[in-house]
Amino acid sequence: MNWLIDFFGNPDNWSGSDGIPVRLLQHVEFSVLAFAIAALIALPLGLLIGHTGRGGVIVVLSANAARALPTLGLLVLVVLLIGVGTIWPVLIPLVALAIPPILVNTYEGIRGVDADLRDAAYGMGLRGPQVLFRALVPVALPLILLGLRLAAIQVVATATVAAYVGLGGLGRYIIDGLATKDYPSVFGGAVLVVLLALAVQFGFALLHRVIVSPGVRQVR
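Residues numbered from 1 in each chain as written. Predicted model: local features only at pLDDT ≥ 70, side-chain atom pairs only at ≥ 80, totals over all residues. Heavy atoms only, no water.

## Details of the overall build of the protein
Summing up its helical and strand segments, the protein has ten helices and zero strands in all. Secondary structure elements of the protein occur, N-terminal to C-terminal, as α-α-α-α-α-α-α-α-α-α. Seen through its principal axes, the protein has C-alpha atoms that stretch 65 × 40 × 25 Å. For the protein, with 220 residues in total, the buried portion stands at 42%. If you take every contact in the protein between residues at least 6 apart in sequence, the share linking residues at least 24 apart comes to 74%. (Helix = DSSP H or I, 4+ residues; strand = E, 2+ residues; numbered from the N terminus. Buried < 20%, exposed > 50% of the residue type's maximum accessible area, 1.4 Å probe, protein only. Contact = heavy atoms within 4.5 Å.)

As structure tokens, then:
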């Protein structure tokens, strides 16, 4: 508790380029950008493969294998290949981290929709994308949102690696604090990351209640 008071009660931590508002904004920028890129890649791919059923096993196995990639190791590899000075050494590992849960949950969500519902949609005269977006996606939405939520939380928690390549974000408090044995900063930075992850969790819970049909929520 004393460390929390020392960190959050210090006026110097609330102003300037090293202040909490600036570091928090930087962390959110890294996270949002990486999450958006991952979603733009994984969502359409998951929808397409889930709808057509082609290549699903390969994609799921590849996505699960990608989960085993060490984020910090990938960060170091990217730095060695393209150097520092840009945001890409951070974005590439974060995007690689976020794609698997989005891709797998989207694919499984679409493939898990009752076949009778799919057949009924075709029987009503719907075709192709109409069946996908009018019949399948609304039912699969809870699982799709779960994948998005997991990816977002993982990205927020892992974006602290930006500090390893000299970028900002909340990881600066942790990395710099460990280097200088400033443990209130380490503890404060960790608390801020946890609070941000909880905010993401709450945001997706609210989004789930807003966009998922009550009937689908009850079934799930």
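## Some points on helix α7 (residues 129–158)
Between its first and last C-alpha atoms α7 spans 35 Å; for 30 residues at 1.5 Å apiece the expected length is 44 Å, and the helix comes up short by more than 12%. Taken as a whole, α7 carries its principal kink of about 60 degrees at Leu141; the proline Pro142 stands between one and four residues after it. (Expected span 1.5 Å × (residues − 1). Bend = angle between axes of the 7 residues up to and from the residue.)

## Let's talk about the packing of helix α8 (residues 171–180) against helix α9 (residues 183–211)
Two elements in contact, α8 and α9, have axes separated by 7 Å at closest approach and are oriented at 160 degrees. Comparing the axis directions of α8 and α9 gives the class roughly antiparallel. The two elements α8 and α9 cross, and the hand of that crossing is left-handed. Here Tyr173, Ile174, Gly177 and Leu178 of α8 lie close against α9, whose contacting residues are Ser185, Val186, Gly189, Ala190 and Leu192. Considered class by class, the residues forming the contact of α8 with α9 number six nonpolar, three polar and no charged. (Axes fitted to C-alpha atoms, helices over the stretch in contact; angles between N-to-C directions. Parallel < 35°, antiparallel > 145°, perpendicular 65-115°, else oblique. Left-handed = near helix turned anticlockwise from the far one by under 90°. Nonpolar A, V, L, I, M, F, W, Y, C, P; charged D, E, K, R; others polar.)

## Considering the side chain of His51
Checked against the element boundaries, His51 lands in helix α2 (residues 20–52). When sequence neighbours within four positions are dropped, the list of residues in contact with His51 reads Ile110, Arg111, Arg118, Tyr122, Gly128, Val131, Leu132 and Leu136.

## Remarks on the UniProt feature "transmembrane region" (unreviewed entry) in the protein
Residues annotated in UniProt with the feature "transmembrane region" (unreviewed entry) correspond here to residues 30–50, 71–99, 131–148, 155–175 and 187–207. As annotated, residues 131–148 has a helix share of 100% and a strand share of 0%, and its two end C-alpha atoms lie 22 Å apart. Here residues 155–175 is 43% helix and 0% strand, with 17 Å between the C-alpha atoms at its ends. (UniProt positions renumbered as here; feature names shortened; annotations may be inferred.)

## Quick notes on the pattern of salt bridges
Inspection of the entire model under this criterion finds two salt bridges. Across the salt bridge formed by Asp18 and Arg23, the nearest N and O atoms sit 2.4 Å from each other. Residues Asp176 and Arg172 are paired through a salt bridge, measuring 2.7 Å at the closest nitrogen-oxygen approach. On the criterion of helical spacing, the pair formed by Asp176 and Arg172 is a turn pair, its members being four residues apart in helix α8. (Salt bridge = Lys/Arg side-chain N within 4 Å of Asp/Glu carboxyl O.)

## Some thoughts on the environment of Leu43
Secondary-structure assignment places Leu43 in helix α2. Once the C-alpha coordinates of Leu43 and Gly147 are considered, the two residues, 104 residues apart in sequence, prove to be 9.8 Å apart. Not counting chain neighbours up to four residues away, the residues in contact with Leu43 comprise Ala38, Ile102, Thr106, Ile144 and Leu148.

## Quick word on the side chain of Thr160
Take Thr160: it is sitting in the loop between α7 and α8. We classify Thr160 as buried; its relative accessible area is 18%. One polar contact links the side chain of Thr160 to the main-chain carbonyl oxygen of Ala157, over a distance of 3.5 Å. (Polar contact = N/O pair within 3.5 Å; in protein donor to acceptor, adjacent residues only side chain to side chain.)

## Brief notes about the nonpolar core
In this structure, Ile102, Ile110 and Leu148 are the most contacted members of the largest nonpolar core, which totals 54 residues. Contributions of two or more residues to this core are made by α2, α3 (56–66), α5 (88–111), α7 and α9. Residue contributions to this core peak at 14 residues, all from α7. Not counting chain neighbours up to four residues away, the residues in contact with Ile110 comprise Leu47, Gly50, His51, Arg118, Leu132, Leu136, Val137 and Ala140. (Core = buried A, V, L, I, M, F, W, Y, C linked by side-chain atoms within 4.5 Å.)

## What about a nonpolar patch on the surface?
A cluster of nonpolar side chains, Leu77, Leu81, Ile82, Trp88 and Ile92, forms an exposed patch at the surface whose accessible area comes to about 520 Å². When contributions to the nonpolar patch are tallied by element, the ones reaching two or more residues are α4 (71–82) and α5. The biggest single contributor to the nonpolar patch is α4, with three residues. Following the sequence through the fold, Ile82 ends up in helix α4. (Patch = residues over 30% accessible without salt bridge, like charges linked within 9 Å, V, L, I, M, F, W, Y side chains within 5 Å. Areas by Shrake-Rupley, 256 points an atom, 1.4 Å probe, with all protein chains shown as cover.)

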